[in-house]
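Here is what each chain is made of, one letter per residue.
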Amino acid sequence: MTATMLSPAFVAHLPTGILVGGHWGPAAGGATFEVTDPATAEPIFDVSDAIPADAVRALDAAHAAAPAWRAVPPRERSELLRAVFARLVARADDIAALITAEAGKPLAEARAEVLYGAEFLRWFAEQAVRADGLVRMAPSGGNAQYVSRRPVGPSLLITPWNFPIAMATRKIAPALAAGCTVVVKPASLTPMTTLLVAEIIRSEAEARGLPAGIVNVVPTTQAGPVTEPLFEDPRLRKVSFTGSTRVGQALLAQASKNVLRSSMELGGNAPFVVFEDADVDAAVEGALVAKLRNSGQSCVAANRFLVHDAVARTFADRFAAAVGAKVTAPGTRPGAEVGPLIDEAAVEKVSGLVDDAVAHGAQVLTGGARLDGPGHFFEPTVLTGVDADARIVTEEIFGPVAPIVAFGSDDEAFELANGTPFGLAAYAYTTSLARARRAMDEIEAGMIGINRGLVSDASAPFGGVKASGLGREGGEAGMEEYQETVYVAL
Ligand code: NAP
């Protein structure tokens, strides 16, 4: 079975098994599961379906490889990551086609994701040789204080389906840079890209004579049962999870058993605030990126457009015209700008939120319905006259729908922006430095774009506050998540 843009030669070499201790093989139970193309709803790959025993074998391998891997000099760990970066970039077109096949996003976006995802390898290759510590005299003068960093140990990495390469590399690269070995549990909707990245790391490590088993991967449709034994096992020392707040909360409870180091990148509900003095055209341009990237299926997607009364009409009309002009089509079609949603459940959820908003008085300026035909398409949509407490505003939409809520004063804008349990990303458009400073200080979010609709960058700390999570990925902080601090009084 092949997707249309994937060459048979490329598909023939794609791994579809379980990677344990440097070897690919079938799941212990022998079962497989289907991966489907969201643009057609047709199955395109069969992947091994791991059972709990496979996950335990994967942890065995990660634990066995840990001493040898932490002993590998940082320079050699760095050079492995740099080589993997180069191989990902060299194969960007093939990997992009694979992302489009399993996740649906337009090829140009998939290619941009490959380059963004590869960037984590390059950034953490650079960080691997910069694990610093501290030596200083204690204030008492009685002894020296020596502070160093150690790898935290075998780590479980659980990733979501919306950015199949970037969510994996954002965790694998800092873990390896810090000297940790890993077990990866990719999303069951989009496991193929992670399997390919793992194979590239495996083969590159093998060619360099580095330990086998530094990266182990267990695709499965039974995420809970398969990962549960690992949380019970004292050899696991860390969990890094990206996904919904609901699952993150459950995993934090499980992680408490062995007091695991935990990083949680959870759901968002990003406000996109357009102040009365904003450059409206710039705001429209930023809004298109913040809303429509990956059809709105991004944790940092603008979820609510809070627009001052004075510019609400102008912004809504120009934004709706630009959104309405977007080409919604399968990601492989030339000119496609907005791809399908991931599955039927996503279409139903988005549809339900739009219907609820309309039933409560919102007006549809463009879009508003699912597209007929095969695949999981929903029209890019702009709604005005939406109540600040409508479900479409308080829930994470995860689709190409932009609800506009008008406000009358800066105080009201900040109150609305912060009136949510979430605090991942936020965006603010203003030409006033004073307003920008206030937005930077007052909006409760881990990441804020000022006059920008895109914040993601491998070299910057990515993460949220409140129910959006714990810890940061990328930047200097990304590697610290995989390091213990050890203090010696000398
Ligand atoms: P999800 O349902 O929470 O799933 C995320 C991952 O957790 C998947 O690999 C899933 O496996 C696995 N999982 C589900 N239940 C589990 C359990 N009981 N034990 C262990 N693992 C379990 O989230 P999603 O629908 O894939 O992703 C969308 C959510 O992720 C949104 O809320 C979005 O905001 C958030 N997200 C956050 C960030 C961030 O950086 N903050 C980035 C991207 C996405 P299966 O695939 O088999 O279900």
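Residues numbered from 1 in each chain as written. Predicted model: local features only at pLDDT ≥ 70, side-chain atom pairs only at ≥ 80, totals over all residues. Heavy atoms only, no water.

- Per an unreviewed UniProt entry, the recorded name for the protein is Succinate-semialdehyde dehydrogenase/glutarate-semialdehyde dehydrogenase, and the organism is Promicromonospora iranensis.
- Listed in UniProt under the heading Sequence similarities (unreviewed entry), the comment for the protein reads: "Belongs to the aldehyde dehydrogenase family." (UniProt positions renumbered as here; feature names shortened; annotations may be inferred.)

1. Points about the overall build of the protein
Okay, step 1: Secondary structure assignment for the protein yields 16 helices and 22 strands.
Okay, step 2: Taken against the 2.2 N^0.38 rule, which gives 23 Å for 490 residues, the C-alpha radius of gyration of the protein at 23 Å falls within 12% of a compact globule.
Okay, step 3: Each principal axis of the C-alpha atoms in the protein carries an extent, and together these give about 65 × 60 × 40 Å.
Okay, step 4: Once local pairs closer than 6 in sequence are excluded, the contacts in the protein between residues at least 24 apart make up 73%.
Okay, step 5: For the protein, the computed accessible surface area is about 18400 Å², with 54% contributed by carbon and sulfur atoms. (Helix = DSSP H or I, 4+ residues; strand = E, 2+ residues; numbered from the N terminus. Rg over C-alpha atoms; globule rule 2.2 N^0.38 Å. Contact = heavy atoms within 4.5 Å. Areas by Shrake-Rupley, 256 points an atom, 1.4 Å probe, with all protein chains shown as cover.)

2. A word on the packing of aromatic side chains
Okay, step 1: For the coordinates displayed, the defined rule picks out ten aromatic pairs.
Okay, step 2: Taken together, a centroid distance of 5.2 Å and an interplanar angle of 45° make the contact between Phe305 and Phe319 tilted. One end of the pair, Phe305, is in strand E13 (residues 302-308); the other, Phe319, is in helix H11 (residues 309-324), with 14 residues separating them in the sequence.
Okay, step 3: In this structure Phe305 comes out as buried when scored by relative accessible area, which is 0%.
Okay, step 4: Here the aromatic residues Phe272, Phe305, Phe315, Phe319, Tyr427 and Tyr429 are joined through ring pairs into a cluster of three or more.
Okay, step 5: For the cation-ring pair, Arg170 lies above Phe462, with the distance from its terminal atom to the ring centre recorded as 4.0 Å. (Phe/Tyr/Trp six-rings, centres within 6.5 Å; stacked < 30°, edge-to-face > 60°. Buried < 20%, exposed > 50% of the residue type's maximum accessible area, 1.4 Å probe, protein only. Lys NZ or Arg CZ within 6 Å of the ring centre and 35° of its normal.)

3. Overview of the pairing of strand E6 (residues 144-151)
Okay, step 1: Two elements, strand E5 (residues 134-137) and E6, share four bridges in a ladder whose sense is antiparallel. Bridge pairing links Met137 to Ala144 in E6.
Okay, step 2: If you look at the hairpin formed by E5 and E6, you'll find six residues sitting between the two strands, and Gly141 has a positive phi there, around 80°.
Okay, step 3: Strand direction decides the pairing type here: E6 and strand E22 (residues 483-489), joined by seven bridges, are antiparallel. Bridge pairing in E22 places Ser148 opposite Val486. (Pairing = 2+ DSSP bridges.)

4. Section: the packing of helix H3 (residues 74-90) against helix H6 (residues 166-178)
Okay, step 1: H6 packs onto H3 with a crossing angle of 155° between their chain directions and a minimal axis gap of 8 Å. Judged by the angle between their axes, H3 and H6 are roughly antiparallel. For the element pair H3 and H6, the recorded crossing hand is right-handed. Two secondary-structure elements touch here, H3 through Arg77, Leu81 and Leu88 and H6 through Thr169, Ala173, Leu176, Ala177 and Ala178.
Okay, step 2: A breakdown of the residues in the contact of H3 with H6 according to their chemical character gives six nonpolar, one polar and one charged. (Axes fitted to C-alpha atoms, helices over the stretch in contact; angles between N-to-C directions. Parallel < 35°, antiparallel > 145°, perpendicular 65-115°, else oblique. Left-handed = near helix turned anticlockwise from the far one by under 90°. Nonpolar A, V, L, I, M, F, W, Y, C, P; charged D, E, K, R; others polar.)

5. Some words on the environment of Gly179
Okay, step 1: Here Gly179 shows up in the loop between H6 and strand E8 (182-185).
Okay, step 2: With relative accessibility at 4%, the residue Gly179 sits in the buried group.
Okay, step 3: In sequence terms Gly179 and Ala71 are 108 residues apart; their C-alpha atoms lie 7.9 Å from each other.

6. Section: the UniProt feature "domain: Aldehyde dehydrogenase" (unreviewed entry) in the protein
Okay, step 1: Here the UniProt feature "domain: Aldehyde dehydrogenase" (unreviewed entry) sits at residues 28-486.
Okay, step 2: Annotation note: span residues 28-486, helix share 42%, strand share 20%, distance between end C-alpha atoms 39 Å.

7. Topic: the UniProt feature "active site" (unreviewed entry) in the protein
Okay, step 1: As recorded in UniProt, the feature "active site" (unreviewed entry) lies at Glu265.
Okay, step 2: Setting aside anything within four residues of it in sequence, one finds Glu265 in contact with Arg170, Phe241, Thr242, Gly243, Leu424, Phe462, Gly463, Gly464, Ser468, Gly471, Arg472 and Glu473.

8. Structural notes on the site of the ligand
Okay, step 1: Around the ligand sit 30 residues, and of these Thr159, Arg170, Ser244, Leu266 and Glu396 come closest.
Okay, step 2: A distance of 2.7 Å separates an oxygen atom of the ligand from a polar atom in the backbone of Thr159.
Okay, step 3: Measuring from an oxygen atom of the ligand, one finds a side-chain N or O atom of Ser188 at 2.9 Å.
Okay, step 4: For the ligand, the accessible surface in isolation is 900 Å², of which the surrounding protein chains cover 85%.
Okay, step 5: For the shell around the ligand, the secondary-structure elements that each account for two or more residues are H6, helix H8 (223-232), strand E10 (238-242) and helix H9 (245-255).
Okay, step 6: Sort the elements by how many residues they give to the shell around the ligand and H8 lands first, with three residues.
Okay, step 7: Residue composition of the shell around the ligand, grouped by class: 15 nonpolar, eleven polar and four charged.
Okay, step 8: Here the shell around the ligand gathers at least three residues from each of two domains, domain 1 (8-266 + 468-489) and domain 2 (270-458). (Near = heavy atom within 4 Å. Polar contact = N/O pair within 3.5 Å; in protein donor to acceptor, adjacent residues only side chain to side chain. Domains from an automatic or database assignment.)

9. So, the domain arrangement of the protein
Often, the extent of an interface is quoted as the loss of accessible area on bringing the components together.
Okay, step 1: You can read the domains of the protein as domain 1 (8-266 + 468-489) and domain 2 (270-458).
Okay, step 2: A separation of 31 Å is found between the C-alpha centroids of domain 1 and domain 2.
Okay, step 3: Taken together, the 28 residues of domain 1 in the interface contact 29 residues of domain 2.
Okay, step 4: A buried area of about 2100 Å², summed over both sides, lies between domain 1 and domain 2, and 62% of it is on carbon and sulfur atoms.
Okay, step 5: Counting the contacts that link domain 1 with domain 2 gives zero salt bridges.
Okay, step 6: Counting residues per element, the side of domain 1 that touches domain 2 draws most heavily on helix H5 (residues 107-128), which supplies six residues.
Okay, step 7: Considered class by class, the residues forming the side of domain 1 that touches domain 2 number 13 nonpolar, nine polar and six charged. (Buried area = accessible area lost by both parts, 1.4 Å probe. Salt bridge = Lys/Arg side-chain N within 4 Å of Asp/Glu carboxyl O.)

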